[in-house]
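Results of the structural survey
Residues per chain, in single letters:
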Amino acid sequence: MLEIRNITFGYDKKVVLNDFSMKLENGGVYGLLGKNGTGKSTLLYLIMGLLRPKSGEVLFNGQNTFGRNPDVLKHMFIVPEEYDLPNTTLSAYIKRIRPFYPNFDEQILKDCLEVFEMPADVNMKSLSMGQKKKIYISLALAIRAELLVMDEPTNGLDIPAKSQFRKAIARGMSENQTILISTHQVRDVELLLDHVTIINQHGVLLNEPINTEEPTDLEKLFLDTLATAGE
Amino acid sequence: MKNFNMQRFMDYARYDSTINKTYYRNMSLMAVLTLMGLTLVGFIGRWGMYKMKMGSSMGDPTDATITIIVLVAAASILTTIFAGCTFHNLRTKQGRIFELTLPASTLEKYVWHLMACIVGGHLVCCAGIVLSDVLNAILGVITYPLDQQFSLIAQWFHNTRMMSELSAKTGLDSVLYSLGLVTLCYTFFSLSFYVLGNSFKYRYNVILTYAVQQALSFVLYIILIIMGAMGWFKDFTPGNFLASMDYSALVCFLLGILCFWYAYVRFGKAVVTSRMNK
Amino acid sequence: MLLHIRNVMEFKESKAIYLQIADYLMNQILHGTFREGERIISVRECAADLEVNVNTCMRAYEWLCQQQVIFTKRGLGYFVCEGAQKAILREQQEEFMNETIPGLASKMRALGISIEELVARLKDTGI
């Protein structure tokens, strides 16, 4: 479904991703783990067609994402790490944005808002950072994009909210939907993942499905993998 | 055209209008208040001069010619600034993420932004001039007798009509038409230049575009002076002069098309983080 | 039926997650929260309650089906098998005898605690 083929990317002289490849199949929660500043956000932006790789390409269902074909974009959605929501109510925003996403499901939105203990409609400008995140994550799940990309979704959420986040993912995720969560806070998401990719600034250190037959301490795996690579 | 879907275009127009309600409202307000403010200043100036016995009677419409010319000049500056705000959604990183991942085609987004900022900008300035006229009338009614009231806009059309009658009488109407054509085409080019400038830089671009525009104009002047010194214009007749004005108009128009097209290309290739736009 | 869990279950690192989820559901059945023949919570609701991956939860449900603790009626969900309570009780008793007791024994040996001390303590608890 999503194929990242040998992409190289950098800013000026600094190379952030070098000959990086990765494949995402349909369905499941993928974890992209790495310390801060190792190119996780950059990779997510490259996936969404927000950056252009110096070489290589990102293909979503066979089409290059930098081409920004609306028929490709309507199956993808990103929850960035930080965002400002417009000065409107949630219902007004939904009304304007749902024509672009044909799979939008109002019930999922309601369910997720309930999990987050947020009201069904609210003026978005008056929200705190944590509240904005909850609203936007609910919206993102309701859109039911084939590929949902989340950049540090638990950053800025307090412990109860992190718990609500996990519940919302379990309740709001669609069958055959692929969610890619990038984070450095492994504990927040480890039980949600089907597949884990660990990166550092030099590239992919680990890229494998999670073995459900054995107990896995993901945090330990994460730290060990980084240590082996010489962090 | 496979790239342009009318339904999606309308959806995008509604979306952009909703999320940028505050922005468009503030920009419109700024434009209208600027124009009305200038009118107020003009009125006070005239009134001051009258009080100090320096001007003719308050109700003399020719005094208002300066005001209306200032308003039109201000409107042209404002519309140029608005053209430089075409890509205002790309000012912030978050804005870029939302704008560039929204499932509408680049062409649909571009056409809407041009309509909102250029066409919309012109409409707002027209509204501003009309409101200024109303303001001027209200101030006039308060200040001097009813039979001496006049309209700024009517004055503009009166002056224009007088000028074309005069030029017809003196056989210079072809000059007037060519001048009008050049002005129109240069305006078209100027607007496109500011849109192009915005496609390079999303913040503080109007000032920078202005600087580049001035620099290029300066270079052009130097070139013309050199050409003059080298005797290129020795054999210039009025006929040649008119023809060169018409060619300039054509060149401006084509450059305008080029700028609009290149801005579109750059918009399609916009990225979330780059050296010029952090 | 949604269970309101105030404190999220603590997952141990010693056992596969899906088996721990199965244990959790079996305990619910054992304590009568779900009675035989009754519908248990859906996979998705369980995943949300326990804050785990839906596929992992699915794996737990499949395992419970294999163990004949629950069965599925297509389109209607999962139901507790007849005799499931007894079967679970028996299984947990076996686990206690085969794993917990030997573990206790080796601990006692290591710490030098005698059977008499153990029995005395147990009597104090009111058994």
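You'll find the structure just up there.
Read on for an overview of the structure. (Residues numbered from 1 in each chain as written. Chains lettered and ligands numbered in written order. Predicted model: local features only at pLDDT ≥ 70, side-chain atom pairs only at ≥ 80, totals over all residues.)

A look at the overall build of chain A
Under the convention used in this document: By the criteria applied, helices consist of DSSP H or I runs no shorter than four residues and strands consist of E runs no shorter than two, each listed in order from the N terminus. Atoms considered for the radius of gyration are the C-alpha atoms alone. The globule rule reads 2.2 Å times the number of residues to the power 0.38. Any residue surrounded by 20 or more other C-beta atoms within 10 Å of its C-beta is treated as buried, while 12 or fewer makes it exposed and the intermediate range makes it partly exposed; C-beta atoms here are placed from the backbone.
Regarding its fold elements, chain A presents eight helices and 10 strands. Taking 231 residues into account, the globule formula puts the C-alpha radius of gyration at 17 Å, and chain A, at 17 Å, falls close to it. Residues classed as buried in chain A amount to 45% of the 231 residues present.

A few points about the overall build of chain B
Applied cut-off: A residue pair is marked as a contact if its C-beta atoms, positioned from the backbone, fall within 7 Å.
The helix and strand tally for chain B stands at nine helices and zero strands. Of the regular secondary structure in chain B, the N- to C-terminal order runs α-α-α-α-α-α-α-α-α. Dimensions of chain B, computed from C-alpha atoms along their principal axes, come out at roughly 65 × 55 × 35 Å. Counting the 278 residues in chain B, one finds 31% classified as buried. Taking as baseline every contact in chain B between residues at least 6 positions apart, the subset at least 24 positions apart corresponds to 83%.

A closer look at helix α6 (residues 159-172) of chain A
As a reminder of what qualifies: What a helix should span is 1.5 Å times the count of its residues minus one.
With 14 residues, α6(A) extends 20 Å between its outermost C-alpha atoms, agreeing within 8% with the 20 Å of an ideal straight helix rising 1.5 Å per residue. Those residues of α6(A) lying buried are Q164(A), F165(A), R166(A), K167(A), A168(A), I169(A), A170(A) and G172(A). Where the residues of α6(A) are buried, they touch α4 (106-115), α5 (129-143) and β8 (178-183) of chain A together with α2 (43-50) and α3 (54-66) of chain C.

A closer look at the interface of chain B and chain A
So the rule is basically this: Think of it as three bins: nonpolar holds Ala, Val, Leu, Ile, Met, Phe, Trp, Tyr, Cys and Pro, charged holds Asp, Glu, Lys and Arg, and polar takes everything else, Gly as well.
Contact residues are listed per partner, giving 20 residues for chain B and 22 residues for chain A. Element by element, the count of residues in the side of chain B that touches chain A is highest for helix α1 (residues 6-19) of chain B, at six residues. Its residues placed into classes, the side of chain B that touches chain A shows nine nonpolar, seven polar and four charged.

Some remarks on the sheet that holds β8(A)
Residues and elements named next belong to chain A. Short version of the rule: Note on pairing: two strands pair once DSSP finds at least 2 bridges between them. An axis is simply a line fitted to the C-alpha atoms; with a helix, the fit covers only the stretch in contact. Between two such axes, the angle follows the N-to-C directions and lies from 0 to 180 degrees.
Pairing within the open sheet is mixed, and its six strands lie in the order β6-β7-β8-β3-β9-β10. Unpaired on one side and paired on the other, β6 (76-79) and β10 (203-209) mark the two borders of the sheet. Each strand of the sheet is rotated relative to its neighbour by a mean of 15°, with strand direction disregarded. Examined bridge by bridge, strand β3 (residues 28-33) and β8 share six bridges and lie parallel to one another. Bridge pairing in β8 places G31 opposite I181. Sheet strands in contact with α5 are β6 and β7 (147-151), and its direction is about 170° off that of β6. The strands touched by helix α8 (residues 218-228) are β3, β9 (195-200) and β10; relative to β9, the strand with the most contacts, the crossing angle is about 30°.

Quick notes on α3(C)
A rise of 1.5 Å per residue sets the reference length of α3(C), with its 13 residues, at 18 Å; its end C-alpha atoms lie 18 Å apart and thus fit the reference within 8%. Along α3(C), the positions that sit buried rather than exposed are V54(C), T56(C), C57(C), R59(C), A60(C), Y61(C) and L64(C). Elements in contact with the buried residues of α3(C): α6 of chain A together with α1 (17-30), α2, β1 (70-73) and β2 (77-80) of chain C. Remark: Q68(C) follows α3(C) within two positions and exhibits a positive phi of approximately 60°.

A word on the sheet that holds strand β2 (residues 14-24) of chain A
Remark on secondary structure: sheet strands pair via backbone hydrogen bonds, oriented parallel or antiparallel. Residue and element names in this part refer to chain A. Strands sit in the order β2-β1-β4-β5 across an open sheet of four strands; the sheet is antiparallel. Strands with a single pairing partner mark the edges of an open sheet, and in this sheet they are β2 and β5 (63-64). Strand direction decides the pairing type here: strand β1 (residues 2-11) and β2, joined by seven bridges, are antiparallel. Bridge pairing in β2 links I4 to M22.

Remarks on the packing of α4(A) against α6(A)
Think of two packed helices as two axes; the pair is described by the angle between the axes and how far apart they sit. All names here are of chain A. We apply this condition: Roughly parallel here means an angle under 35 degrees, roughly antiparallel means over 145, roughly perpendicular means 65 to 115, and every remaining angle is called oblique. Crossing handedness: left-handed means the near helix sits turned counterclockwise from the far one by under a right angle, and right-handed means the same turn made clockwise.
Contact geometry for α4 and α6: axes closest at 9 Å, N-to-C directions at 160°. The angle between α4 and α6 places the two elements in the roughly antiparallel class. Between α4 and α6 lies a crossing whose hand is right-handed. Each of I108, D111, C112 and V115 in α4 lies in contact with α6, whose residues at this interface are Q164, K167, A168, R171 and G172. A class-by-class count of the residues in the contact of α4 with α6 yields four nonpolar, two polar and three charged.

Here we look at the arrangement of the chains
Once contacts are tallied for each of the two pairs of chains in contact, the highest total is for chains A and B. Across the gap from chain B to chain C, with no contact made, the nearest C-alpha atoms are 28 Å apart.

So, the interface of chain A and chain C
Opposite the 17 residues of chain A that make contact, chain C presents 18 residues. Of all the secondary structure elements, the ones that give two or more residues to the side of chain A that touches chain C are β3 and α6 of chain A. The element contributing the most residues to the side of chain A that touches chain C is α6(A), with five residues. Taken together, the residues of the side of chain A that touches chain C sort by class into seven nonpolar, three polar and seven charged.

Let's talk about the pairing of strand β4 (residues 55-60) of chain A
Residue and element names in this part refer to chain A. When β1 meets β4, the two strands line up antiparallel, connected through five bridges. Residue pairing across strands places E3 opposite L59, the latter belonging to β4. Here β4 runs beside β5; their pairing, made up of two bridges, is antiparallel. Looking across to β5, one finds that F60 is bridged to Q63. Connecting the antiparallel pair β4 and β5 is a turn made up of two residues, with N61 showing a positive phi of about 50°.

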